[in-house]
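# Architecture at a glance
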Amino acid sequence: MTETTEKPTPDLSAFFRLSRPKKKPCALGFGRSQLKPVEREQLDAACDTDNGIITASAIVEWLGQRGQTANTNNVVSHRKRMCSCYDES
Ligand SMILES: [Zn+2]
């Protein structure tokens, strides 16, 4: 038989996880880390509030007032937990 049977690829996911450098938090996560603990709680609560009630741009402006820069895209993906802050590490 000359037929080459495809060898199953070993599962390397554990190695990938260990090899992956720790990602930096997104702009929102970084801004969040610079805030006072009280403000951090406010921000988390705001992010968990429906975006029909607290808009992404409101969060951007709120952060801006505290000297932190993020854009609405950062807020949207952070709220969906689709940013680097929520990458499994
Ligand atoms: Zn984030």
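Look above for the structure.
Residues numbered from 1 in each chain as written. Predicted model: local features only at pLDDT ≥ 70, side-chain atom pairs only at ≥ 80, totals over all residues. Heavy atoms only, no water.

### A closer look at the coordination of the zinc ion
Looking at the zinc ion, one finds its protein donor set to be Cys26 (SG), His78 (ND1), Cys83 (SG) and Cys85 (SG), positioned 2.0 to 2.4 Å from the metal centre. Its 4 donor atoms give the zinc ion angles of 106 to 115 degrees at the centre, a pattern that matches the tetrahedral case. Along the chain, the residues that donate to the zinc ion are spaced as C-x51-H-x4-C-x1-C. Here cysteine 85 lies in the segment after α5 (72-79) and cysteine 26 lies in the loop between α1 (13-19) and α2 (27-33), a separation of 59 residues in the sequence. Since its relative accessible area comes to 10%, cysteine 26 is described here as buried. The class of cysteine 85 is partly exposed, set by a relative accessible area of 29%. (Donors = N, O, S within 2.8 Å, 3.2 Å for Na, K, Ca; no water. Tetrahedral: all angles 85-135°; square planar, octahedral: opposite > 155°, others 65-115°. Helix = DSSP H or I, 4+ residues; strand = E, 2+ residues; numbered from the N terminus. Buried < 20%, exposed > 50% of the residue type's maximum accessible area, 1.4 Å probe, protein only.)

### Quick notes on the pattern of salt bridges
One pass over the structure, following the stated rule, counts 3 salt bridges. The salt bridge involving glutamate 39 is made with lysine 36; its shortest N-O contact spans 4.0 Å. The class for glutamate 39 is buried, based on a relative accessible area of 14%. Here arginine 66 makes a salt bridge to glutamate 39, at a shortest N to O gap of 3.2 Å. One end of the pair, arginine 66, is in the loop between α4 (56-65) and α5; the other, glutamate 39, is in helix α3 (residues 37-48), and 27 residues separate them in sequence. Arginine 66 sits in the partly exposed class, given a relative accessible area of 29%. Residues joined in a network through salt bridges with shared partners are Lys36, Glu39 and Arg66. (Salt bridge = Lys/Arg side-chain N within 4 Å of Asp/Glu carboxyl O.)

### Observations regarding the packing of aromatic side chains
The relation between two aromatic rings is expressed through the spacing of the ring centres and the mutual angle of the planes. According to the stated counting rule, one finds 0 aromatic pairs in the structure shown. Here arginine 66 stacks its cationic end above the ring of tryptophan 62, 3.9 Å away from the centre of that ring. (Phe/Tyr/Trp six-rings, centres within 6.5 Å; stacked < 30°, edge-to-face > 60°. Lys NZ or Arg CZ within 6 Å of the ring centre and 35° of its normal.)

### A word on α3
The end-to-end C-alpha separation of α3 is 17 Å, in line with the 16 Å expected for 12 residues at 1.5 Å each. Considered for burial, the residues of α3 that qualify are Glu39, Leu43, Ala46 and Cys47. Viewed end-on, α3 has its buried residues packed into an arc of 100 degrees, placing them on one side of the element. Of the exposed residues in α3, the ones pointing more than 90 degrees away from its buried face are Pro37, Val38, Glu41 and Asp48. Those residues of α3 that are buried lie in contact with α2, α4 and α5. (Expected span 1.5 Å × (residues − 1). Arc of directions from axis to C-beta. Contact = heavy atoms within 4.5 Å.)

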